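# Topology and contacts: notes
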Amino acid sequence: MPFLADRLQKIHPSPTLALNAKAAALKAEGIDVINLAAGEPDFETPDWVQQAAIQSMQQGMTKYTAVDGIPALKKAIQQKFLRDNNLEYDLDQIMVSNGGKHVIFNALMASINDGDEVLIPAPYWVSYPDMVNLFGGNARSISCSESNDFKLTADQLREAITPKTKWLILNSPSNPTGAMYTVTELRALADVLVENHHVYIMSDDIYEHLIYDNHKFASIVQIEPRLKLRTLIVNGVSKSYSMTGWRIGFGAGPKELIKAMTMIQSQSTSNPCSIAQGAAVMALNGPHGFLQDWRESFSERRDATLDALNKIEGLSCRKPEGAFYLYVNCVGVLGKVTPSGEVLETDNQFCAYLLEKARVTAVSGDAFGLSPYFRISYATSMQNLTEACKRIKDAISKLKPQANAA
Ligand SMILES: Cc1ncc(COP(=O)(O)O)c(C=O)c1O
């Protein structure tokens, strides 16, 4: 009898984390790899947030806390929703977990029965389908075309909903595309959802503050308050405050769901780190002016990288509104032959070629459920980005059309 559980057959290791580990291992061997696979800002956590963590420790915040988060943090989250989204939540509609990922994990574990369907617009963040499958659900990916900026349309949604649909997962701005839904697009989706009372909405707003060119963020609940009773908003401090390692995420949604998620958390991780919670209070309640500098820096890097990549023959990329990713179309390089004679049939093979030849890590579209693309993160220095684009260009220039490759 095999020792490991059958459910492991349903999931894979996170491809993005695996690639980051590979890049780190190559670097440790002294190989000059530029890692464009990272899913985190390259800025330091703001100093006042770091100081708050030290103070938390010094003031004795080193013990277990309430499972769903310290009252001060839950109140700060309540204020955040009011301030940023004009949404009112009671404290029992809010919980704190070990990162946004953990909020999603808790919510799916608390709600998915065997065979329940979860609609996931593709390209999607890599962890959604695996978590759904882990809990016996049926992750149903809906391909969203580049011509519609990789966004789900109301018609696609209407067609995809069945009596077994439990959740729709929305992520705007998106990882991996950076695309953001407009108010009009959210309105159209909301109209379909209002009619389908059995469908819950998971709104993953983790990139809410990383939006450029004066685009304005809106969560679907702001557009259609009637959906509030069946929407879980997922957010956290990881991306907006460059606190990926601190592991603080939060969810706001229906009381019953939050209660069930808290119960699961009470039997697994217990409270998120007390010190990180103290720091997160300061992150949410503290100054936010720095975000404008971060946004300017990100949008400069986005524009420069986009420009460089769009000049490379065989690649093309749309301009994303938010997050810090570019989802690059690489159909133009497929079918070409590498100097060692391998035909590049897939985006996976192309990314392997980039790592081998250009020493650049990028994640293939395959991991995000829509090919042929690859994702790069521009949350790294301009110098790295310039050099990476140059290397990608050189590597592509060494490819030959099949007929000429002999
Ligand atoms: C779309 C999306 N949701 C959730 C998360 C999870 O964030 P956290 O680090 O807070 O768990 C990520 C992180 O990459 C993400 O890209």
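What this report covers is the structure whose coordinates are included nearby. Computed from a prediction, not measured in an experiment: that's the story for all the values here.

### Topic: the side chain of Asn235
- The residue Asn235 is located in strand β7 (residues 231-236) in this model.
- Its relative accessible area of 3% is what places Asn235 among the buried residues.
- Among the polar contacts listed, one links the side chain of Asn235 to the backbone oxygen of Asp205, at a separation of 3.4 Å.
- At 2.9 Å, the side chain of Asn235 and the side chain of Glu208 are in polar contact.
- When residues no more than four places from it in sequence are discounted, the contact partners of Asn235 are Lys80, Gly100, Asp205, Ile206, Glu208, Gly249 and Phe250.

### Looking at the pairing of strand β6 (residues 200-204)
- With respect to burial, β6 is a largely interior element, four of its five residues being buried.
- Pairing between strand β5 (residues 165-171) and β6: five bridges, direction parallel. Bridge pairing in β6 links Leu168 to Ile201.
- Here β6 runs beside β7; their pairing, made up of four bridges, is parallel. The residue bridging Asp204 from the neighbouring strand is Val234, located in β7.

### Some thoughts on the sheet that holds strand β12 (residues 373-377)
- Pairing is antiparallel across the open sheet formed by three strands, whose spatial order is β9-β12-β11. The sheet is open, and its two edges are formed by β9 (325-329) and β11 (363-364), each paired on a single side.
- Pairing analysis gives two bridges linking β11 to β12, with the strands arranged antiparallel. The residue of β12 that forms the bridge with Val363 is Arg375.

### Side note on the site of the ligand
- Looking at the ligand, there are 13 residues lining it, with Gly100, Asp204, Tyr207, Ser238 and Lys239 nearest.
- Gly100 places a polar main-chain atom, nitrogen or oxygen, 2.7 Å from an oxygen atom of the ligand.
- For the ligand, whose free accessible area comes to 390 Å², the fraction covered by protein is 93%.
- Considering only residue class, the shell around the ligand consists of four nonpolar, five polar and four charged.

### Some words on helix α1 (residues 15-28)
- Given a rise of 1.5 Å per residue, 14 residues ought to cover 20 Å, and the 20 Å separating the end C-alpha atoms of α1 matches this to within 8%.
- Following α1 by one or two positions, Gly30 adopts a phi angle in the positive range, close to 90°.

### Some details on the packing of aromatic side chains
- According to the stated counting rule, one finds 20 aromatic pairs in the structure shown.
- Ring geometry for Tyr207 versus Phe324: centroids 5.6 Å apart, planes at 80°, classification edge-to-face. In this pair, Tyr207 sits in the loop between β6 and α8 (220-223) while Phe324 sits in the loop between α11 (290-310) and β9, placing the two residues 117 residues apart along the sequence.
- Here the aromatic rings of Tyr207 and Tyr325 are separated by 5.7 Å at their centres, their planes lie at 85°, and the arrangement is edge-to-face. Residue Tyr207 is located in the loop between β6 and α8, and its partner Tyr325 is located in strand β9; the two are separated by 118 residues in the primary sequence.

### Let's talk about the nonpolar core
- If you look at the biggest cluster of nonpolar residues, it comprises 90 residues, and the most contacted ones within it are Leu73, Leu157, Ile220, Leu309, Leu315, Phe350 and Phe374.
- Split by domain, this core shows at least three residues from each of two domains, domain 1 (6-44 + 290-396) and domain 2 (47-285).
- Leave out the neighbours within four places in its chain, and Leu309 touches Leu315, Leu326, Val328, Ile376, Cys389 and Ile392.
- Val103, Met131, Leu232 and Val234 belong to the second largest nonpolar core, which has 34 residues in total.

### Description of the packing of helix α3 (residues 71-85) against helix α10 (residues 274-285)
- Relative orientation of the contacting elements α3 and α10 amounts to 25°, with a least axis distance of 9 Å. Taken as axis vectors, α3 and α10 run roughly parallel relative to one another. Crossing handedness for the pair α3 and α10: left-handed. Residue-level inspection shows Ala72, Leu73, Ala76, Ile77, Lys80 and Arg83 of α3 in contact with α10, the latter providing Gln277, Ala280, Val281, Leu284 and Asn285.
- For the contact of α3 with α10, a count of residues per class yields seven nonpolar, two polar and two charged.

About the cut-offs
- Residues numbered from 1 in each chain as written.
- Predicted model: local features only at pLDDT ≥ 70, side-chain atom pairs only at ≥ 80, totals over all residues.
- Heavy atoms only, no water.
- Helix = DSSP H or I, 4+ residues; strand = E, 2+ residues; numbered from the N terminus.
- Buried < 20%, exposed > 50% of the residue type's maximum accessible area, 1.4 Å probe, protein only.
- Polar contact = N/O pair within 3.5 Å; in protein donor to acceptor, adjacent residues only side chain to side chain.
- Contact = heavy atoms within 4.5 Å.
- Pairing = 2+ DSSP bridges.
- Near = heavy atom within 4 Å.
- Areas by Shrake-Rupley, 256 points an atom, 1.4 Å probe, with all protein chains shown as cover.
- Nonpolar A, V, L, I, M, F, W, Y, C, P; charged D, E, K, R; others polar.
- Expected span 1.5 Å × (residues − 1).
- Phe/Tyr/Trp six-rings, centres within 6.5 Å; stacked < 30°, edge-to-face > 60°.
- Core = buried A, V, L, I, M, F, W, Y, C linked by side-chain atoms within 4.5 Å.
- Domains from an automatic or database assignment.
- Axes fitted to C-alpha atoms, helices over the stretch in contact; angles between N-to-C directions.
- Parallel < 35°, antiparallel > 145°, perpendicular 65-115°, else oblique.
- Left-handed = near helix turned anticlockwise from the far one by under 90°.

Keep in mind these values describe shape, not function.
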